[in-house]
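Survey of secondary and tertiary structure
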Amino acid sequence: TLQSALIALSRDRLGLTRVRYTTATGNFASRRLAVKCGLAEVAAWGVLMPRRRVSVADVLARVRCAHRKVTGGRRHRHAVGLAAQKSETPCVLSCHSAPEELTVFARRHSQPFLLQSYWKAYDFTADNVDELLTTHEPPLVLRRPEDGSIRSFSWAYEQRNSLGLTWFATVYAGEISDTLLHLEAQLQRAEEAHADSAVLMYSPNLEPELYR
């Protein structure tokens, strides 16, 4: 097939060490083709992509409601700043720290890949983070109160086309409460940016809790 020929060209003629292919989990024809071409799954993300007739404000209200259920009704603040929070209430901060700080987080949590924009994956390296920060919104970071290290973070990319403005946000969090906190904060930013729609990505391990 054409795809197999392109992979052979990349490997044998161009000397590339890896070919990366990203597709939807439910696209079985695409996944079968990838297997036939000798590709194997290395990472996966859950995707929340509401239909365009559902407004960003509606999605925000639903996520906010789910977050309150998980946290027992406690309200969480969304602040912009740099100081680590010492209170018991988690607070998402706008982060202007060095890319190395995010790569330290990646090593701690065995997170090898970034997922940016729409179906674009990058290695989680300081150079790539530095480059992507030039096109993405500043990351939102949740820090550990005991030492100020990053506990979870999210960031977003704006894409404008004939359908309007879409807010693509990726959450890197291992707990349902942190994930909902970041989703709420990113949807709040999307609403403030007057986005017409949002695509939200997160750990697929949390889907049973997100959709229960």
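Look up: the structure comes first, before these words.
Everything quoted here is computed from the prediction, not taken from an experiment.

A few words now on the overall build of the protein. The helix and strand inventory of the protein stands at seven helices and nine strands. For the protein, the residues scored as buried account for 37% of the 212 residues in total. Partitioning the contacts of the protein with sequence separation of at least 6, the portion at a separation of at least 24 is 61%. Accessible area of the protein: about 12300 Å², with a carbon and sulfur share of 51%.

Evaluation of the coordinates by the stated rule reveals five aromatic pairs. Aromatic pair F153 and Y172: ring centres 4.7 Å apart, planes at 20°, arrangement stacked. In this pair, F153 is assigned in strand β7 (residues 150–161) and Y172 in strand β8 (residues 164–172), connecting sequence segments 19 residues apart. An aromatic cluster is built from F105, F124, F153, W155 and Y172, whose rings are joined through pairwise contacts.

In a regular helix each residue adds 1.5 Å, so twelve residues correspond to 16 Å; helix α1 (residues 2–13) covers 15 Å between its end C-alpha atoms and thus fits that length. Just downstream of α1 lies G15, where phi reads positive at about 75°.

Take empty space enclosed by the protein next. What the rule picks out here adds up to two cavities of 30 Å³ or more. Within this model, the second largest cavity holds a volume of roughly 30 Å³. Within the residue set of the lining of the second largest cavity, elements represented by two or more residues are α3 (56–70) and β9 (197–202). Of the residues belonging to the lining of the second largest cavity, the class tally is five nonpolar, two polar and no charged.

About the cut-offs
Residues numbered from 1 in each chain as written. Predicted model: local features only at pLDDT ≥ 70, side-chain atom pairs only at ≥ 80, totals over all residues. Heavy atoms only, no water. Helix = DSSP H or I, 4+ residues; strand = E, 2+ residues; numbered from the N terminus. Buried < 20%, exposed > 50% of the residue type's maximum accessible area, 1.4 Å probe, protein only. Contact = heavy atoms within 4.5 Å. Areas by Shrake-Rupley, 256 points an atom, 1.4 Å probe, with all protein chains shown as cover. Phe/Tyr/Trp six-rings, centres within 6.5 Å; stacked < 30°, edge-to-face > 60°. Expected span 1.5 Å × (residues − 1). 1 Å grid on protein atoms, 1.4 Å probe; cavity = no way out; pocket = protein on both sides within 12 Å on 5 of 7 lines; lining within 4 Å. Points joined across faces, edges and corners; volume = space filled by probe spheres on them. Nonpolar A, V, L, I, M, F, W, Y, C, P; charged D, E, K, R; others polar.

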